[in-house]
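Coordinate inspection notes
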Amino acid sequence: METNAPKRRDNKKSLRVKVISLGNAEVGKSCIIKRYCEKRFVPKYLATIGIDYGVTKVQVRDREIKVNIFDMAGHPFFYEVRNEFYKDSQGVLLVYDVGLRESFDALDSWLGEMKQEMGSQANMDSIVFVVCANKVDLTKRRVVDEGEGRLWAESRGFHYFETSAQSGEGINEMFQAFFSSITDMCENGGKRPVSEVSVGFTKEQADTIRRIRSSKDSWDMLGVKPGATREEVNKAYRKLAVLLHPDKCVAPGSEDAFKAVVNARTSLLKNIK
Ligand code: GTP
Ligand code: MG
C-alpha cells in the first residue's frame, strides 16, 4: 500500500515533512500556529484566505526536521483552493473550538473531505493526527468537555490536546508530541506505529459512550423501545453494564456513562409493573 513517506531526505539525520491544519473557520488554526512559531497571539480575527504557507525547523532527538505548514482556510468558500493541498501530508492538526459544538461535530466531515480529496490512494495510517480542543481559556462558554473530545480522538488513534492559542496552554506540548510522532512514523517506514496512541478501549465502547451521552431519555439510553418490559430493560442494562463497567472499561467518560445507565434502569424499573 502507498504511504505518505516524505519525498526528500537531505541526509540521514534531516527530514522534510508536510503538515496541514483543518477545522471550521474561526476555531483558531492560524492562531495556534502563530503562537508556536511566533510566540504571540492576535485577538483580532483575520480569516485565512485559501491557504497560508510557512516553514519552521524543529529538532526531534538527533534529527533536524524541516516542517512545511499549510494552514487551511476553514470557510466553505475556499474548498476549491484547499482541496489541492491534502495530498502528501504526514501530519494533520484537527482543530475545534470547545465553545462551539458545531465545530466539534464538523470534525467527521473534515476527515471526509480529506479522504475524498486524497482519493483511493488515501492511507490514513500513514498520517499522524492531533486533535486540538482549542480556546480552553474561555471556560465559561465551554460546551464540549474533555471526555467527549478525548473519546472522539483516541478512539480513532489520534492524539488529543487541550489548547489555548491565547494563553499558550498546551501549545508546545502538542507540537512536540506531533513532531515526535511524525518522526517516529517516518522512522517506522511511513507507517504510524500501532502502539503510539495506546487507547486500551474498543470502538464499540467509545461508540456506546457517545450514544449514551446524546440519548434523549432513559429508554433511548438503554436502547429499548418505550413501553419495554422489565426483562427487556434488564437484558439491555446487563449488556451495557458488561461493556462499560469501570473495572473493565478505561475509555474516557465510561464512569459517567455507567452511572447514567444504572440511573436510567432504576428510573425505568420504578415505573414498570
Ligand atoms: P480561518 O482561517 O477562517 O479558517 O480561521 P482560523 O481557524 O484560522 O481562526 P483564527 O486563528 O484566525 O482565530 C479566530 C479567532 O479566534 C480570532 O479572533 C482569534 O483571536 C480567536 N482565538 C484563536 N484561538 C483562541 C484561543 O485559544 N482563545 C481565545 N480566547 N481566542 C482565540
Ligand atoms: Mg486561519
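Residues numbered from 1 in each chain as written. Chains lettered and ligands numbered in written order. Predicted model: local features only at pLDDT ≥ 70, side-chain atom pairs only at ≥ 80, totals over all residues. Heavy atoms only, no water.

We now examine the coordination of the magnesium ion (ligand 2). Every protein donor of the magnesium ion (ligand 2) is accounted for by S30 (OG) and T48 (OG1), and the metal-donor separations fall at 2.0 to 2.1 Å. With S30 in helix α1 (residues 29–38) and T48 in the loop between α1 and β2 (51–60), the pair connects residues that are 18 residues apart, well separated along the chain. Exposure remark for S30: the relative accessible area of 23% places this residue in the partly exposed category. (Donors = N, O, S within 2.8 Å, 3.2 Å for Na, K, Ca; no water. Helix = DSSP H or I, 4+ residues; strand = E, 2+ residues; numbered from the N terminus. Buried < 20%, exposed > 50% of the residue type's maximum accessible area, 1.4 Å probe, protein only.)

Looking now at the packing of aromatic side chains. Going through the model one piece at a time under the given rule, you end up with 11 aromatic pairs. Here Y36 and F179 contribute two aromatic rings whose centre-to-centre distance is 5.9 Å and whose plane-to-plane angle is 55°, an arrangement assigned as tilted. Of this pair, Y36 sits in helix α1 while F179 sits in helix α6 (residues 171–187), placing them 143 residues apart in sequence. This pair shows no difference in class: Y36 is buried, exactly as F179 is. For the pair W152 and F158, a centre-to-centre distance of 6.0 Å together with 65° between the ring planes defines the contact as edge-to-face. (Phe/Tyr/Trp six-rings, centres within 6.5 Å; stacked < 30°, edge-to-face > 60°.)

Turning our attention to the UniProt feature "domain: J" (unreviewed entry) in the chain. If you check UniProt for "domain: J" (unreviewed entry), the listed places come out as residues 217–273 in our numbering. Between the C-alpha atoms that bound residues 217–273 the distance is 19 Å, and the span itself is 67% helix and 0% strand. (UniProt positions renumbered as here; feature names shortened; annotations may be inferred.)

This paragraph deals with the sheet that holds β2. Spatial ordering of the open sheet is given by β2-β3-β1-β4-β5-β6, a layout of six strands whose pairing is mixed. Since the sheet does not close on itself, it has two edges, and those belong to β2 and β6 (159–162), each with one partner. With direction set aside, neighbouring strand axes in the sheet form an average angle of 25°. On top of the sheet, helix α4 (residues 107–118) reaches β1 (14–22), β4 (91–97) and β5 (128–134); it is set at about 150° to β4, its chief contact. Sitting on the sheet, helix α5 (residues 146–154) touches β4, β5 and β6, and the angle it makes with β6 is about 155°. (Pairing = 2+ DSSP bridges. Axes fitted to C-alpha atoms, helices over the stretch in contact; angles between N-to-C directions. Contact = heavy atoms within 4.5 Å.)

The next thing to look at is the pattern of salt bridges. Applying the stated criterion to the full structure yields 16 salt bridges. D145 is paired through a salt bridge with R213; the nearest N and O atoms lie 3.6 Å apart. One end of the pair, D145, is in the loop between β5 and α5; the other, R213, is in helix α7 (residues 203–213), and 68 residues separate them in sequence. The salt bridge partner of R150 is E146, with a shortest N-O separation of 2.8 Å. (Salt bridge = Lys/Arg side-chain N within 4 Å of Asp/Glu carboxyl O.)

All right, on to the domain arrangement of the chain then. When its domains are assigned, the chain resolves into domain 1 (15–188) and domain 2 (203–271). Computed from C-alpha atoms alone, the centre-to-centre distance between domain 1 and domain 2 is 34 Å. For the pairing of domain 1 and domain 2, the buried interface totals around 630 Å² over both sides, and the portion due to carbon and sulfur atoms is 65%. Linking domain 1 with domain 2 are two salt bridges, by the criterion used here. Ionic pairing is found between R213 and E148, a salt bridge with its closest N-O pair at 3.8 Å. (Domains from an automatic or database assignment. Buried area = accessible area lost by both parts, 1.4 Å probe.)

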